[in-house]
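Report on the structure
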Amino acid sequence: MKKKILTALFAGIFGSAVIVSGSVCTFAAGTEVAEKSAEDTAELKTIGAKEKEEGAFSVKLKNATGKDIKEIKIKVSGHSEFADTENLLEKDAVFAAEEERILNYLPKVKEETEEKKEDSKEKEEPLVFDIQLTFADDTTAVVHTFPFGDIEEGEICMDGELAYLVFESVNLKKEVNTLETETTIAETIKAQKEAAAQAAASSSGSESYDYSYDYDYDYSGDYDYGDGDDGGSDAGSGDGGTTDGGDGCLNGGLLN
């Protein structure tokens, strides 16, 4: 498999904010968010560094998955392996269900940056990151293309085995729900694996196959979540919209 197999699918990875049946994860209205004091935020536990370092991202996250998280790992999308990445939670620490924490993350991407430059000599594209969650029951889920730089706070939610985000886009100033994007990614990866398995089974063994399923995202530097004029596809785009049904997240948004 070649790296650019997913380019067409993920060009504009967050194509729209959608109301999805089976999801009940909703973000608080902007006025409610604004009412949260800096003192409350300062009292929250951290993930990663204790204090925000120069050049680091700082994001307030709620664990709305319904399960305790015991490991959080971040890597550049399409590069390296989660197994080679450190757990950002302290030893024996748990990011409990319904708990809120501050994620302080300073990307350590020297090797990945050099590799990406080699792969794309035409132009430098901004790096995007995936976050792997390992739960207390040893199951895992991945939040793909975490929108560092466009998120100040949000909820990590679950729909079945899929992890996704609900957050207020800093750039668009409206709520974004990434469940549809995560569903597309999962279906694409599954199809790739099935195609690779079929190819391997029919091969004489003289060919080599790439099972890494690397992503090559087509980013212009800004996230394209759609223009919001698609007839109600935005979940909470400023008019108090909510999402009903399903499991994993609670009604009422991030801040109650």
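See above for the structure.
Residues numbered from 1 in each chain as written. Predicted model: local features only at pLDDT ≥ 70, side-chain atom pairs only at ≥ 80, totals over all residues. Heavy atoms only, no water.

Two strands in a sheet stick together by hydrogen bonds in their backbones, pointing the same way (parallel) or opposite ways (antiparallel). The sheet built from six strands is open, its strands ordered β1-β4-β2-β7-β8-β9 with mixed pairing. For this open sheet the edge positions go to β1 (45-48) and β9 (175-177), each flanked by a neighbour on one side alone. Ignoring strand direction, the axes of neighbouring strands in this sheet form an average angle of 30°. With four bridges connecting them, β1 and strand β4 (residues 100-105) associate as parallel partners. Among the inter-strand pairings, Gly48 is bridged to a residue of β4, identified as Asn104. (Pairing = 2+ DSSP bridges. Helix = DSSP H or I, 4+ residues; strand = E, 2+ residues; numbered from the N terminus. Axes fitted to C-alpha atoms, helices over the stretch in contact; angles between N-to-C directions.)

Turning our eyes to something else, we now look at the pairing of strand β7 (residues 151-159). Most of β7 sits out of view: seven of its nine residues are buried. Strand direction decides the pairing type here: strand β2 (residues 57-64) and β7, joined by five bridges, are parallel. Paired with Ala64 across the two strands is Cys157, which belongs to β7. Bridge count between β7 and strand β8 (residues 162-169): seven bridges; the pairing is antiparallel. Within β8, the residue paired with Ile151 across the bridge is Ser169. Connecting the antiparallel pair β7 and β8 is a turn made up of two residues, with Gly160 showing a positive phi of about 65°. (Buried < 20%, exposed > 50% of the residue type's maximum accessible area, 1.4 Å probe, protein only.)

Here we take up the sheet that holds strand β5 (residues 129-135). Sheet architecture is open: three strands sit in the order β3-β5-β6, paired in antiparallel fashion. One side of each edge strand has no neighbouring strand; the edge strands of this open sheet are β3 (69-76) and β6 (140-146). Taking each pair of neighbouring strands and ignoring which way they run, the sheet shows an average axis angle of 20°. For β5 and β6, the ladder comprises five bridges, and the chain directions are antiparallel. Bridge pairing in β6 links Thr134 to Thr140.

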